[in-house]
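Now for the letters of each chain:
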Amino acid sequence: MKYTRLTKEQFEELSQEFINFLATQSITADEWKKLKTEKPEVAEQELDVFSDLIWEGVLKKVKYLEHISPKQLMLFHITEAFMELIAIKVEDDNIDITTDYGYKWLQQNMHDDTVTLFTSTKAIKDDRNKDIFVLIQQGSVITKGELYNYFSELLSE
């Protein structure tokens, strides 16, 4: 497996897609039931292949990721060739940027001495989707890029 197996909930959500996938493998509903009981290892392989296909489809569409923790905001913009990062770190123990108050404080105090901001660009050398998947496993979430674009505009002013 290249990624991780989908969860039971994800499989349930994608049940029609999984049925279509099995159909492309010429596996009927009855054959699937039989496969699960008589050849569970083959059934497991089918689940893994389907999971990887779903992950590939999702990951190739990703353009933005965010990883937000109480003291750090990491915003990623991902193209085919590059991964751009805007990272913001708050070193004030009284501020938690995951709260409304903390985030508003950050917006109003970007130039405070306790706020460190940096940007970085990295060329994607090997497998773009794998790089994205690693960031997701580390806690990043896929977004539409509103925060990235907001802070990118602030930086360009």
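> Looking at this structure, I do not really get the sheet that holds strand 2 (residues 72–78). What am I missing?
Sheet strands pair via backbone hydrogen bonds, and the direction of the pair is either parallel or antiparallel. One open sheet accounts for five strands, arranged 4-3-2-1-5; its pairing is antiparallel. Sheet topology places strand 4 (115–123) and strand 5 (141–143) at the edges, where each strand pairs with a single neighbour. Averaged over all pairs of adjacent strands, the angle between their axes in this sheet comes to 20°, without regard to strand direction. Sheet analysis places strand 1 (residues 64–69) next to strand 2, joined by six bridges and oriented antiparallel. Each residue of the ladder has a partner; that of Glu-66, found in strand 2, is Leu-75.

> In this structure, what is going on with the packing of helix 2 (residues 15–24) against helix 4 (residues 40–59)? I would like to understand it.
The interhelical angle for the contact between helix 2 and helix 4, taken along N-to-C directions, is 115°, at an axis separation of 11 Å. The chirality of how helix 2 crosses helix 4 is right-handed. In this structure, helix 2 contributes Glu-17, Phe-18 and Phe-21 to the contact, and helix 4 contributes Glu-46, Leu-47, Val-49, Phe-50 and Leu-53. Of the residues contributing to the contact of helix 2 with helix 4, the split by class is six nonpolar, no polar and two charged.

> Whenever I open this one, helix 7 (residues 146–156) confuses me. Can you help?
Three or four residues apart is the spacing at which side chains of an α-helix point the same way, because the helix has 3.6 residues per turn. Buried residues of helix 7: Leu-147, Tyr-148 and Phe-151, and no others. The arc enclosing the buried residues of helix 7, seen along the axis, measures out at 100°, which places them on a common side. Residues Glu-146, Glu-153 and Ser-156 are exposed on helix 7 and point more than 90 degrees away from its buried face. Contact partners of the buried residues in helix 7: strand 1, strand 2, strand 3 (82–90) and helix 5 (100–108).

> How should the pattern of salt bridges be read in this particular structure?
Scanning the model with the defined rule gives six salt bridges in all. Notably, a salt bridge pairs Asp-48 with Arg-5, separated by 2.8 Å at the nearest N-O pair. With Asp-48 in helix 4 and Arg-5 in the segment before helix 1 (8–13), this residue pair connects regions lying 43 residues apart in the sequence. Relative accessible area serves as the criterion here: at 31%, Arg-5 is assigned to the partly exposed category.

> Explain the confidence of the model for the chain to me, please; I cannot follow it from the model alone.
Fine structural detail should not be taken from predicted coordinates in areas where pLDDT scores are low. The predicted model of the chain averages 94 in pLDDT, with 100% of residues at 70 or higher. No element of the chain has a lower mean pLDDT than helix 7, at 91, and none a higher one than strand 1, at 97.

> How do you make sense of helix 6 (residues 128–137) when you look at a structure like this?
All of the buried residues along helix 6 are Arg-128, Asn-129, Ile-132, Phe-133, Leu-135 and Ile-136. Angular distribution of buried residues about the axis of helix 6 spans 160°; they occupy a single face of the element. The residue sitting at the N-terminus of helix 6 and contributing the capping side-chain oxygen is Asp-127; that oxygen lies 3.1 Å from the backbone nitrogen of Asn-129. After helix 6 finishes, the residue Gly-139 shows a positive phi value of roughly 115°.

How each quantity is defined
- Residues numbered from 1 in each chain as written.
- Predicted model: local features only at pLDDT ≥ 70, side-chain atom pairs only at ≥ 80, totals over all residues.
- Heavy atoms only, no water.
- Pairing = 2+ DSSP bridges.
- Helix = DSSP H or I, 4+ residues; strand = E, 2+ residues; numbered from the N terminus.
- Axes fitted to C-alpha atoms, helices over the stretch in contact; angles between N-to-C directions.
- Left-handed = near helix turned anticlockwise from the far one by under 90°.
- Contact = heavy atoms within 4.5 Å.
- Nonpolar A, V, L, I, M, F, W, Y, C, P; charged D, E, K, R; others polar.
- Buried < 20%, exposed > 50% of the residue type's maximum accessible area, 1.4 Å probe, protein only.
- Arc of directions from axis to C-beta.
- Salt bridge = Lys/Arg side-chain N within 4 Å of Asp/Glu carboxyl O.
- pLDDT = per-residue confidence, 0-100.
- Polar contact = N/O pair within 3.5 Å; in protein donor to acceptor, adjacent residues only side chain to side chain.

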